[in-house]
Amino acid sequence: MTAPEGYDYRTRSNGEVAIFHHGKLSTLMRGDDAAGFLEALSDGEPQEVMARFAGNDGQNEHPGGGAGAPGVGLHGNGEAHAHQDFRRKTG
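Just so you know, these numbers come straight off a predicted model, no measurement behind them.

Asker: Any chance you could explain the nonpolar core here in plain terms?
Answerer: Side chains of nonpolar character tend, in soluble globular proteins, to be buried together. Ranked by size, the top nonpolar core spans eleven residues in total: Tyr7, Val17, Ile19, Met29, Ala34, Phe37, Ala40, Leu41, Val49, Met50 and Ala51. Mapped onto this core, the elements with two or more residues apiece are β2 (17-21), α1 (31-43) and α2 (46-54). When near neighbours in sequence (up to four residues on either side) are disregarded, Met50 contacts Tyr7, Asp8, Tyr9, Ile19 and Phe37.

Structural data, given as structure tokens:
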């Protein structure tokens, strides 16, 4: 597993903390969550802490890309419903 990268954070004057991933807003924390993040940031590796608080723990990087069968997308593989031929009715 590779180490997280591309995270940045900014604190705001109202106490909010915004975490960005590759320049895009990943999460916005307020109150106790923001204080907990800043405390954890001083104790650990910054990129890993930001990834954890942003919800990316590295276990499932893409939807449908988990430990299940490879090639199964977010909405399944389409085998649940059989193919049906339709005929236009005239009349």
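Asker: Help me out: how do you make sense of the pairing of β2 in this one?
Answerer: Looking down a regular strand, the side chains alternate between one sheet face and the other. Burial of β2 is extensive: four of the five residues sit out of reach of the surface. Two strands pair when backbone bridges link them, and strand β1 (residues 7-11) and β2 are joined in this way by five bridges, in the antiparallel orientation. Along β2, the bridge assignment pairs Thr11 with Val17. Here β1 hands over to β2 after five residues, with Gly15 in that stretch at a positive phi of 95 degrees. Alignment of β2 against strand β3 (residues 24-29), held across five bridges, turns out to be antiparallel.

Asker: Teacher, can you tell me more about α1 here?
Answerer: Given 3.6 residues per helical turn, the α-helix brings residues three or four places apart onto the same face. In a regular helix each residue adds 1.5 Å, so 13 residues correspond to 18 Å; α1 covers 19 Å between its end C-alpha atoms and thus fits that length. Turning to α1, its buried residues are Ala34, Phe37, Ala40 and Leu41. The arc that holds every buried residue of α1, seen down its axis, measures 130 degrees, which confines them to one face. Exposed side chains of α1 directed beyond 90 degrees from the buried face belong to Gly31, Asp32, Glu39, Ser42 and Asp43. Elements in contact with the buried residues of α1: β1, β2, β3 and α2.

Asker: Teacher, can you tell me more about unusual backbone geometry here?
Answerer: Residues apart from glycine generally show negative phi values, whereas peptide bonds are mostly found in trans. Here the phi dihedral of His22 falls at roughly 50 degrees; this positive angle occurs in a residue that is not glycine. The residue His22 is located in the loop between β2 and β3 in this model. When its relative accessible area of 57% is taken as the criterion, His22 is described as exposed.

About the thresholds
Residues numbered from 1 in each chain as written. Predicted model: local features only at pLDDT ≥ 70, side-chain atom pairs only at ≥ 80, totals over all residues. Heavy atoms only, no water. Core = buried A, V, L, I, M, F, W, Y, C linked by side-chain atoms within 4.5 Å. Buried < 20%, exposed > 50% of the residue type's maximum accessible area, 1.4 Å probe, protein only. Helix = DSSP H or I, 4+ residues; strand = E, 2+ residues; numbered from the N terminus. Contact = heavy atoms within 4.5 Å. Pairing = 2+ DSSP bridges. Expected span 1.5 Å × (residues − 1). Arc of directions from axis to C-beta.

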